[in-house]
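Residue-level structural notes
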Amino acid sequence: MDPFDRRTVVLGLLGVAGVALAGCSGDAPASAALNTATVGVPTASPSASNSPARWPLSGKLVTNASAPNRPAVAVKVPDNRNEHPQVGLDQADIVFVELDGYRDADGYASTRLVPVFHSRLPNDVGPVRSMRPVDVPLLSPVDAIIASTGAAGWVVNYIKHFREHVEGSLTYLETKGSGAYSIDPSRVRTYQGVTYYDRAVVCHPRILAKQTKRFGSGPQQAYFPFAETDLEVSTASGEAARRVRVPWKKADSYDMGYQYDETAGRYLRSMPWGPHVLADGSRVSTDNILVVRATQRYAKLYAGSGHKEPIHEIIDAAGTFYYFHGGRYVSGTWTKGANEQPFDFTLTDGQPLKMAPGQTYVELPSADAQVRITA
């Protein structure tokens, strides 16, 4: 894809009137994705009175009882090669990997990230780009603020419809002057006399979280089914998985790769072009990998509109999954109901999945993606 395609850039951020930061044009999802039924408020998951308090998105033990009473902040982070390196991913509880939306000549898109911060709110996360329709069902169970540079018009309206569970209005332009975002001057670029800021917007989650009183009590339910002890983690009896390849494009290409590091006890992440490295030089790694395979498609709202928006069909849907931890894996089926309902995972033997506390990368490739696992 041409890095200077007019659809992929943000122009005139600081001086061209009328140009919105992320106004990616697009089209609306079909009824399955546009689930417009009235949604209810999720209730806190029941727990035994003697169970220790845990962070709802990481499952780790809480040391400060009042700390979880703050909103979760999700940030839309681009993941194309020319938009690397990124900042702040290492402090996320969950990182969703979804379709970017800009398709290549064969009709396939690369990836966009959605790190979600709750147990830790970093000073800086970036770069920042636009929202996608799948952010609604992914983040509604969390009651999250979404940091972004905006979205296509119909996507903005779609997200507003579910504002009971997601706050998508705190964009760069809507919060100017608050300090919630800034521009990294080292990443501002000029091409053919035009200045571009698409790689330069940085979010400051600690400040953004103060721009609204919504969701101040934090997520009301655990996002994943966390185990109470190491022995309960499903992978304790799983098969070996030292290396994992998750393809995103045709012929099972454009792999997101993970290599288990025995010393660190974590999976080291790679991009299709090499190791995934942050701006400070650190290698991206994670405790858990959850591969949720689901049908992908592109939808439009009306004839003559711009490029179609990517849809992951995870509302009132089901599919297969792989879960990796500690150099081992298990698999099974997932289901998900309405937007505000979390995923439900069942192993092939009929038992419920139990995950280890820690950071989780959630890959959302197509339903027929051939995940390759090396023992």
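Bear in mind that the values here come from a model prediction, so they are computed numbers and not experimental data. (Residues numbered from 1 in each chain as written. Predicted model: local features only at pLDDT ≥ 70, side-chain atom pairs only at ≥ 80, totals over all residues. Heavy atoms only, no water.)

Here we look at the overall build of the protein chain
This is how the line gets drawn: Think of it this way: any DSSP run of H or I at least four residues long counts as a helix, any run of E at least two long counts as a strand, and we number them from the N terminus. Accessible area is worked out with a 1.4 Å probe on protein chains only. A residue is then buried under 20% of its type maximum, exposed over 50%, and partly exposed in between. Residues count as neighbours in contact if any of their non-hydrogen atoms are within 4.5 Å of one another.
Check the secondary structure of the protein chain and you find three helices and 24 strands. Here the protein chain holds 375 residues, and the buried ones make up 55% of them. Residue pairs at least 24 apart in sequence account for 70% of intrachain contacts in the protein chain once pairs closer than 6 positions are excluded.

Some points on the pairing of strand 12 (residues 243–249)
Heads up, the condition is: Being paired, for any two strands, means DSSP has found at least two bridges between them.
Counting buried positions over the seven residues of strand 12 gives five, a clear majority of the element. Strand direction decides the pairing type here: strand 12 and strand 13 (residues 253–261), joined by six bridges, are antiparallel. Bridge pairing in strand 13 links R245 to G257.

A word on helix 2 (residues 153–161)
This is how it is decided: By definition, the arc is the one covered by directions from the helix axis to the C-beta atoms.
For helix 2, the set of buried residues is W154, V155, Y158 and I159. Down the axis, helix 2 shows its buried residues gathered within 140° of arc, on one side only. Those residues of helix 2 hidden inside the fold are in contact with helix 1 (135–139), strand 6 (166–167) and strand 19 (309–312).

Observations concerning the environment of V244
Among the secondary structure elements, V244 is positioned in strand 12. Residues V244 and G257, 13 residues apart in the sequence, show an inter-C-alpha distance of 5.7 Å. What V244 contacts, discounting residues up to four positions off in sequence, is M256, G257, Y258, Y267, F324, V371 and R372.

Digging into the confidence of the model for the protein chain
Using the following cut-off: A residue's pLDDT is the confidence the predictor assigns to it, expressed on a 0 to 100 scale.
In this model, the protein chain carries a mean pLDDT of 87, and residues with pLDDT of at least 70 account for 85%. Per-residue pLDDT stays below 50 along residues 1–49; that stretch engages in 123 contacts with residues further than four places along the chain or on separate chains.

Focus: the environment of A236
Assignment of secondary structure puts A236 in the loop between helix 3 (205–208) and strand 11 (239–240). Between the C-alpha atom of A236 and that of A356, which follows or precedes it by 120 residues, the distance is 10.0 Å. Among all residues touching A236, those that are not within four sequence positions of it are D230 and L231.

Some thoughts on unusual backbone geometry
The phi angle of most residues is negative, glycine excepted, and most peptide bonds adopt the trans form. With an omega of 5°, the peptide bond running from H84 to P85 counts as cis. Along the chain, P85 falls in the loop between strand 2 (77–78) and strand 3 (94–103). Following G126, the chain continues to P127 via a peptide bond in cis, the omega torsion being -5°. With respect to the element layout, P127 can be found in the loop between strand 4 (109–117) and helix 1. For Y254, which is not glycine, the phi torsion reads 55° and is therefore positive. As for its placement among the helices and strands, Y254 is situated in strand 13.

As for the packing of aromatic side chains
Filter applied, for reference: Any two of the Phe, Tyr and Trp rings considered here, Trp counted by its six-membered ring, make a pair once their centres fall within 6.5 Å; the pair's planes then place it as stacked at under 30 degrees, edge-to-face at over 60, or tilted in between. Geometrically, a lysine NZ or arginine CZ counts as sitting over a ring once it is within 6 Å of the ring centre and also within 35 degrees of the ring normal.
A complete count under the given rule lists 15 aromatic pairs for this structure. Ring centres of F324 and Y329 lie 5.5 Å apart, and the angle between their planes is 25°; this geometry places the pair in the stacked category. Here Y329 falls in the buried class, since its relative accessible area comes to 15%. Each residue in the set Y260, Y267, Y322, F324 and Y329 is aromatic and connected to the rest through ring pairs, giving one cluster. Note that K249 overlies the ring of Y254, its terminal NZ or CZ placed 4.5 Å from the centroid.

Considering the pairing of strand 21 (residues 328–336)
Relative to strand 21, strand 11 runs antiparallel, the two sharing two bridges. Residue pairing across strands places A240 opposite R328, the latter belonging to strand 21. Across nine bridges, strand 20 (residues 317–325) lies against strand 21 in antiparallel orientation. Across the sheet, the residue bridging to Y323 is V330, located in strand 21. Linkage of strand 20 to strand 21, two consecutive antiparallel strands, is achieved through a turn of two residues, within which G326 is found at a positive phi near 60°. Sheet topology note: the strand 21/strand 22 (residues 344–347) ladder contains four bridges and is antiparallel.

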